[in-house]
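Observations on the model geometry
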Amino acid sequence: MTTRGFPEGFAWGVATSAYQIEGSTAADGRGTSIWDTFAHTPGRVLNGENGDVANDHYTRYAEDVALMASLGVGAYRFSLSWPRIMPGGTVNQGGLDFYRRLADTLLEAGITPYATLYHWDLPQELEDAGGWPARDTAYRFADYAAVVREALGDRVKHWFTVNEPWCSAFLGYASGDHAPGLRSPELAVRAAHHLLLAHGLAAPVLREGDGLAGAAPNLYAVSPASDSELDLDAARRIDGLQNRFFLDALLRGSYPEDVVRDLAPFGFEDVVQAGDMELIGGPIDFLGVNYYSRHTVSAESDGGVVATSPFASASPWPGASHVSFVHGGRPVTDMGWEVDPGGLHEILTRVAKEYPSVPLYITENGAAYVDTVVDGEIDDHERLSYIEAHLAACHDAIADGVPLKGYFAWSFMDNFEWGWGYGKRFGLVHVDYETQKRTPKSSARWYGQISRQNGLP
Ligand SMILES: CO[C@H](O)c1c[n+]2c([nH]1)[C@H](O)[C@@H](O)[C@H](O)[C@H]2CO
């Protein structure tokens, strides 16, 4: 019974990413990524865990697609492994063949593929040549996009260029919590621009013919801890670095002046070249929004930090010194992130109201909670409640005029949670890593029902 229906054709999906689930990191010609290197570096991932095997999805993809179909979801957002497709800069047919098989299997099961080209697994040889701080990497990404478009464009019509450039740039090059694990705000601001430039160069390639493309930034609702001038300015800085830097670039083709000013001490002015912003702000068919929580920001430097890895160390916020994050008193997930569905409504209505109109997808939303297997069943009512509350926020946003076209639950199944290893479980489907047994949690069955009925009770 549906009392809160969603628009006809709304895409109900689940999401994953290559390094987090595929395993088979040396199979069929795959090259090394920065996450292979990072995860194999002692002290970078909890318990020294890595993605060498992960969910063994590379060999079990047909089983996983069948499970998706049995649940009733109609769309699947996955990522392509750049080092599997172009190791050492050359096309690897073995890698392309895997994604052709995956796309064909999805289409045969009635599931629409949505492919992300970059979900953090940069080929190591490109990092060795300078990584995202080097402008040339953006052009190599455009070459990769052309190969992907040519090989998979008859099967895949929906493309996301880059997943969360904020994470790749600021966790990868400023705080060092993510691969490649560097701690240089100067490199981070260069990386942020070049990730967006990579999007700007690749989007026209992916949009050729009947291709549809966008990017998938991670956005947070941001609030000051108090209405003091210092806290208000701290919130402005974080909102600028987290949200407006990416939204303005992608949807307006310009960077916000206050953020450019804040980043000037890190050489940001020298990064942007003539023509870049026209490319970055070029036409897209949709924008993905990854949303998990709200930042409540204080100017006091003795507050906490947002847990982005168990080794949270240097700040991922260039130019936002004397900023800390405080809890707003809401319940938190196993990641310590506050549960705030109102923040999702806030972000969606803000993007719809303040930016040029563009169809939106929730490309990631979900929660980690500790799951308990009892007699082979997992009753993950907290995760189910989290998703239900955020879907209700989506429903309200649509009613308020937001052009929301779909929702992808993060994640289809438990997987490698970056610096946290396998200890944080976001999946609708439980994975026993000893046996690779997949077990739908109660949230999976519930979500499948919501998908089939296209609405909430
Ligand atoms: C730090 O919050 C981000 O928006 C964010 C959260 N998440 C992400 N980005 C990534 O896109 C996924 O690969 C993570 O597995 C997922 C869960 O941590």
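Thresholds applied
- All residue numbers refer to positions counted from 1 along the written sequence of the respective chain.
- Confidence filtering applies because this is a predicted model: local features only for residues at pLDDT of at least 70, side-chain atom pairs given and counted only at 80 or more, and all residues used for totals across whole chains, interfaces and linings.
- The side-chain quantities take in all heavy atoms of the structure and omit both hydrogens and water.
- Residue-level confidence of the predictor is what pLDDT reports, using numbers from 0 through 100.
- In this description a helix means any DSSP run of H or I spanning at least four residues, a strand means any run of E spanning at least two, and both kinds are numbered starting from the N terminus.
- In a helix, the anticipated span is given by 1.5 Å times the number of residues less one.
- For every residue, the accessible area obtained with a 1.4 Å probe (protein chains only) is divided by the maximum for its type, and the residue is called buried under 20%, exposed over 50%, and partly exposed between those limits.
- Only strands that DSSP links by at least two bridges are regarded as paired with each other.
- Contacts are assigned to residue pairs with any non-hydrogen atoms lying within 4.5 Å of each other.
- A fitted line through C-alpha atoms serves as each axis, taken over the contacting stretch for helices, and the angle formed by two N-to-C directions is quoted from 0 to 180°.
- Here a residue is near a molecule or strand as soon as one of its heavy atoms is found within 4 Å of it.
- We define a polar contact as two N or O atoms separated by no more than 3.5 Å, with the added condition that, inside protein, one atom must be a possible hydrogen donor and the other a possible acceptor, whereas residues neighbouring each other in sequence contribute only through side-chain atom pairs.
- With residues, only the protein chains shown are counted as cover, and all accessible areas are computed by Shrake-Rupley using a 1.4 Å probe.
- Basically, the charged four are Asp, Glu, Lys and Arg, the nonpolar ten are Ala, Val, Leu, Ile, Met, Phe, Trp, Tyr, Cys and Pro, and anything else, Gly included, counts as polar.

Turning our attention to the confidence of the model for the protein. The share of residues in the protein with pLDDT of 70 or more is 98%, and the mean pLDDT across the chain is 96. This prediction of the complex comes with two scores: 0.98 for pTM and 0.99 for ipTM.

Relative to the 27 Å expected for 19 residues at 1.5 Å per residue, helix H14 (residues 381–399) spans 27 Å between its end C-alpha atoms, a close match to the ideal helical length. Buried within H14 we find Arg383, Leu384, Tyr386, Ile387, His390, Leu391, Ala392, Ala393, Cys394, His395, Ala397 and Ile398.

Another aspect to go through is the sheet that holds strand E10 (residues 324–325). Paired through backbone hydrogen bonds, the strands of a sheet run either parallel or antiparallel to each other. Within the open sheet, the three strands sit side by side as E7-E9-E10. Their pairing is mixed. Edge positions in the sheet fall to strand E7 (221–224) and E10, since each has one partner strand and no second. By the bridge criterion, four bridges tie E7 to strand E9 (residues 294–298) in an arrangement that is parallel. Each residue of the ladder has a partner; that of Ala221, found in E9, is Arg294. Most of the contacts of helix H13 (residues 341–354) go to E7, to which it runs at about 105°, and overall it touches E7 and E9.

To continue, consider the pairing of strand E3 (residues 75–79). Counted residue by residue, E3 has five buried out of five residues, so it is predominantly covered. Of the two faces of E3, the one holding Ala75, Arg77 and Ser79 and the one holding Tyr76 and Phe78 are both buried throughout. Bridge count between strand E2 (residues 11–15) and E3: three bridges; the pairing is parallel. Along E3, the bridge assignment pairs Ala15 with Arg77.

Not every one of the 14 residues close to the ligand is listed here, only the nearest: Gln20, His119, Glu164, Glu364 and Glu417. One nitrogen or oxygen atom from the side chain of Asn163 is found 3.1 Å from an oxygen atom belonging to the ligand. Between the ligand and Glu364 there is a distance of 2.6 Å, counted from an oxygen atom to a side-chain nitrogen or oxygen. For the ligand, whose unbound accessible area comes to 420 Å², protein coverage reaches 96%. Taken together, the residues that form the shell around the ligand break down as seven nonpolar, four polar and three charged.

The next thing to look at is the sheet that holds strand E8 (residues 287–290). Sheet architecture is open: eight strands sit in the order E6-E5-E4-E3-E2-E14-E11-E8, paired in parallel fashion. Only two strands of the sheet have a single partner each, and these edge strands are strand E6 (212–216) and E8. Across the sheet, the mean angle separating the axes of adjacent strands is 25° when strand polarity is ignored. In this structure, strand E11 (residues 360–365) lies alongside strand E14 (residues 404–410), joined through four bridges in parallel fashion. Its bridge partner lying in E14, Tyr361 is registered against Gly406. Contacts from H14 reach E2, E11 and E14, with the element oriented near 170° to E14.

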